[in-house]
Amino acid sequence: MAIRVTDVRTVGVVGCGLMGSGIAELCARKGVDTLVYEVNDQAVAAGKSRIESSLARAVARDKLTAEDGQATLQRMSFTTDFADFADLDLAIEAVPEDEKLKLRVFAELDKALARPDALLASNTSSIPIMKLAAATNRPGQVAGLHFFNPVPVLDLVELVPSLMTSDIASERLRAFVAETLDRHVIVSRDRAGFIVNSLLIPYVVAAIRMYESGFATAEDIDEGMIQGCAHPMGPLRLADHIGLDTTLAVAESLYAEFREPHLAPPALLSRMVQAGYLGRKSGVGFYKYSTGETA
C-alpha cells in the first residue's frame, strides 16, 4: 500500500498539559487540522493559554512568523466531548502517566472514533502498548508515538508498534511523523521504557540513589556528568526537567517488567513525589527553581 503524506489530515489530541499542548501545537504548525480534548472548560482555557504562550515565544525568538503563529491557532479547535473525535484520522492520547486513566481514555476513544481505519496512538513513556490496545476493539490500529519535551523543539519521536499493530498502521504513523511533522522516527519493540527511557531512567535512578546515600551533593553529581562526560545537563536537574512524578512512573514500569534490582525506584524519589516536589513544574525538586538551591 502506498502511503501519501496527506494520509493523516486530521488529528485529535487528548490532554493539553505540557506534552499534549506541545503535540497539538506541532501538528497545527505543520498544517494539520487539530482538535484538542480537555476535561472541562477551565482546563481548555489553561491549555489554550499554554499554546498561545509557546507560539509567542517562538515568534519572539524568530523561530516563527507572527502570521504563521496566527495560522497555527486557526487550525486548532478545542472540546470537552469525545464525540467530536468521530471523523478524525488519528487520535493521540497525552494524559498523565497513569495506566488506569490511559485505559479509560482508550476505551472512550475507541467508541468515539467512527471510522474503522482511524488510528489510535499513545504518548506514554513506559506503559506497554499492548495493554492500551487491549482496551479497544481495534488493536491493529494502535501504536505508541512517544514525543519528547519540549515537543515543538525536539526532533525525536519513538514509534512503538505492539504485537498486534498492523504493518499498514505502522507505516501510516511513520509517514505522518516523518513526512508531515518532519520529525526523526526511531522504532522500538513494545517493552516498558522503549529505547530512550530504558537507557535514561536507570541512569537517573542511579544518580538519585547516589544523592540519597550522601555520596555527593546534587550539584557535584550533575557537574560530574556535565564536565566529565560532556552531557548538556546533569541527571538530577534532568529528573527535575522530566518531572519526578513521571520519572517515578517510568521507573516503576521498568521494574514491574524486568524485576531487576537496579531499576527499583529509590525511596527518596517516592517521598519527594508524595510531598509534591515534582521538579520544575512544581518549583522544587532536587533544586529550588526560584533560588537554584538543592531541595
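Quick notes on the rules
- Residues numbered from 1 in each chain as written.
- Predicted model: local features only at pLDDT ≥ 70, side-chain atom pairs only at ≥ 80, totals over all residues.
- Heavy atoms only, no water.
- Helix = DSSP H or I, 4+ residues; strand = E, 2+ residues; numbered from the N terminus.
- Rg over C-alpha atoms; globule rule 2.2 N^0.38 Å.
- Buried < 20%, exposed > 50% of the residue type's maximum accessible area, 1.4 Å probe, protein only.
- Areas by Shrake-Rupley, 256 points an atom, 1.4 Å probe, with all protein chains shown as cover.
- Lys, Arg positive; Asp, Glu negative; His and termini not counted.
- Charge placed at Lys NZ, Arg CZ, Asp CG, Glu CD.
- Pairing = 2+ DSSP bridges.
- Axes fitted to C-alpha atoms, helices over the stretch in contact; angles between N-to-C directions.
- Right-handed = clockwise from strand over helix to strand, strands pointing away.
- Phe/Tyr/Trp six-rings, centres within 6.5 Å; stacked < 30°, edge-to-face > 60°.
- Lys NZ or Arg CZ within 6 Å of the ring centre and 35° of its normal.
- Core = buried A, V, L, I, M, F, W, Y, C linked by side-chain atoms within 4.5 Å.
- Contact = heavy atoms within 4.5 Å.

Caption draft 1: Region of the structure containing the overall build of the protein. Looking only at helices and strands, one finds eleven helices and ten strands in the protein. Relative to its length of 295 residues, the protein is compact, with a C-alpha radius of gyration of 19 Å against a globular reference of 19 Å. The C-alpha extent of the protein, read off along each of the three principal axes, is 55 × 45 × 35 Å. The buried share among the 295 residues of the protein stands at 47%. Roughly 13800 Å² of accessible area belongs to the protein as shown, and the carbon and sulfur atoms make up 53% of that amount. Charge-centre separation for the protein: the mean point of 29 positive side chains lies 1 Å from the mean point of 38 negative side chains.

Caption draft 2: Focus on the sheet that holds strand β3 (residues 76–79). The strand order β3-β2-β1-β4-β5-β6-β7-β8 describes an open sheet built from eight strands, whose pairing is mixed. In this open sheet, the two strands that pair with only one neighbour each are β3 and β8 (184–187). Looking at each pair of strands side by side, their axes are set apart by 25° on average, direction ignored. Relative to strand β5 (residues 119–122), strand β4 (residues 90–93) runs parallel, the two being bridged by four bridges.

Caption draft 3: Examining the pairing of strand β1 (residues 10–14) more closely. Of all five residues in β1, four are buried, a share of seventy percent or more. Across five bridges, the pairing between β1 and strand β2 (residues 33–37) is parallel. Its bridge partner being in β2, V14 is matched across the sheet by Y37. Note on the crossover from β1 through helix α1 (residues 18–29) to β2: the handedness is right-handed.

Caption draft 4: The packing of aromatic side chains, seen in detail. In total, this model carries three aromatic pairs according to the counting rule given. Residues Y37 and F82 carry aromatic rings whose centres are separated by 4.1 Å and whose planes lie at 10° to one another, so their mutual orientation is stacked. Remark: F82 occurs in the loop between β3 and β4 and Y37 occurs in strand β2; sequence separation between them is 45 residues. The pair formed by Y37 and F82 is uniform in burial state, with each residue classed as buried. Ring plane angle 70° and centroid distance 6.1 Å describe the contact between F82 and F85, whose orientation is recorded as edge-to-face. For F82, a relative accessible area of 13% gives the class buried. In this structure F85 comes out as buried when scored by relative accessible area, which is 0%. Members of the aromatic cluster, joined through ring pairs, are Y37, F82 and F85. Looking at R237, its charged tip hangs above the ring of Y287, at a distance of 3.8 Å from the centre.

Caption draft 5: Quick look at the nonpolar core. Core analysis: the largest hydrophobic core is formed by 33 residues, its most contacted members being V11, I23, L90, L145, F147 and F176. Those elements that provide at least two residues to this core are β1, α1, α2 (41–60), β4, β5, β6 (142–147), β7 (156–161) and α6 (167–180). A total of six residues in this core trace back to one element, the largest contributor, which is α1. The residues touching I23, leaving out its near neighbours within four places in the chain, are V13, I92, A94, N123, F147 and V151.

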